[in-house]
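# Geometric and topological summary
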Amino acid sequence: MTLSLPSELRGEILAHAREGAPEEVVGVLAGDHGTETSTVQRCYRADNAAATPRTRYEIAPTEELDLLERIDAAGLDVVGFYHSHPRGPAEPSDTDARLAAWPDRSYVIVSLSGDAELGSWRWRGERFEREEIRAP
C-alpha cells in the first residue's frame, strides 16, 4: 500500500503540526482514494475540538460535515486524515486505534519529537497497517 503525497502538501502538514504544538493538530486528506494506492491532492486543516487537545484530536461534527461537502464539491474523495503527536512517535497510539472510524483510509501521523517525521497507516477496521509514503 502506498500514499502518494506531494512534497508541498507534506510541507503544509508539517507546518500545521509545528504551528499547533504543543497541542495535536488535525486535518483531512483529499484526492484519489484507491485500495492499493491513494493520491493526496489537497489538505484541509481542521480545528482540534478535543477536550484534551494535547493528547487527542477530534473534528467537530459540523466542521467535519462542512469539510466533507467541500471535498465532494471539488470532485475529490476522502483519502484519509492527518494529525500530530507533538511528543510521541509517528505511529498510531491505542487511542488512535480505538477512535479510528474510516476503514481503508490513510491516517498520517506527524511526530515532532526529535526530527519531524511522518508515518502513514491504513485503518483495516480492526488494526492499522503501515503504508509507504511516496512523493509523486
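In case you missed it, the structure is sitting above this.
Please read these numbers as outputs of a predicted model, since none were measured by experiment. (Residues numbered from 1 in each chain as written. Predicted model: local features only at pLDDT ≥ 70, side-chain atom pairs only at ≥ 80, totals over all residues. Heavy atoms only, no water.)

### Some thoughts on the environment of Leu112
Selection criterion: Numbering of helices and strands runs from the N terminus; a helix is a DSSP stretch of H or I covering at least four residues, while a strand is a stretch of E covering at least two. By definition, residues are in contact when any of their heavy atoms lie within 4.5 Å.
Here Leu112 shows up in the loop between strand 5 (106–111) and strand 6 (117–123). Those residues in contact with Leu112 that lie beyond four places of it in its chain are Ala17, Arg18, Ala21, His85, Pro86 and Gly88.

### A look at the nonpolar core
Note the following rule: Only buried residues count toward a nonpolar core. Its members are Ala, Val, Leu, Ile, Met, Phe, Trp, Tyr and Cys residues joined through side-chain atoms within 4.5 Å. Each residue is assigned to one of three classes by its accessible area relative to the maximum for its type, calculated with a 1.4 Å probe on protein chains only: buried under 20%, partly exposed between the two thresholds, exposed over 50%.
Judged by nonpolar contacts, the single largest core of 18 residues is most densely connected at Val28, Tyr44, Ile59, Ile71, Phe81, Tyr107 and Phe128. Of all the secondary-structure elements, those providing two or more residues to this core are strand 2 (26–32), strand 3 (37–46), helix 2 (61–73), strand 4 (77–85), strand 5 and strand 6.

### Some words on the sheet that holds strand 6
Quick note on the threshold: Note on pairing: two strands pair once DSSP finds at least 2 bridges between them. Every axis corresponds to a line fitted to the C-alpha atoms, with the helix fit spanning only the stretch in contact, and the corresponding angles, defined between N-to-C directions, vary from 0 to 180 degrees.
Strands sit in the order 1-3-2-4-5-6-7 around a closed barrel of seven strands; the barrel is mixed. Strand-to-strand twist in this sheet, taken as the mean axis angle between neighbours without regard to direction, amounts to 35 degrees. Relative to strand 5, strand 4 runs parallel, the two being bridged by six bridges. Within strand 5, the residue paired with Gly80 across the bridge is Ser106. With respect to the sheet, helix 1 (residues 7–20) is in contact with strand 2, strand 3, strand 4, strand 5, strand 6 and strand 7 (128–134), its orientation differing from that of strand 3 by roughly 35 degrees.

### Re the packing of aromatic side chains
Here the distance between the centres and the angle between the planes together describe a pair of aromatic rings. Spelled out, the test is: Two aromatic rings, drawn from Phe, Tyr or Trp (for Trp, its six-membered ring), form a pair once their centres lie within 6.5 Å of each other, and the interplanar angle then sorts them: stacked below 30 degrees, edge-to-face above 60, tilted otherwise.
For the structure on display, the rule yields four aromatic pairs. When the centroid spacing of 5.4 Å and the interplanar angle of 75 degrees are considered together, the rings of Tyr107 and Phe128 count as edge-to-face. Of this pair, Tyr107 sits in strand 5 while Phe128 sits in strand 7, and the two are 21 residues apart along the sequence. The burial state of Tyr107 is the same as that of Phe128; both residues are buried. Ring pairs connect the aromatic residues Phe81, Trp102, Tyr107, Trp123 and Phe128, which therefore count as one cluster.

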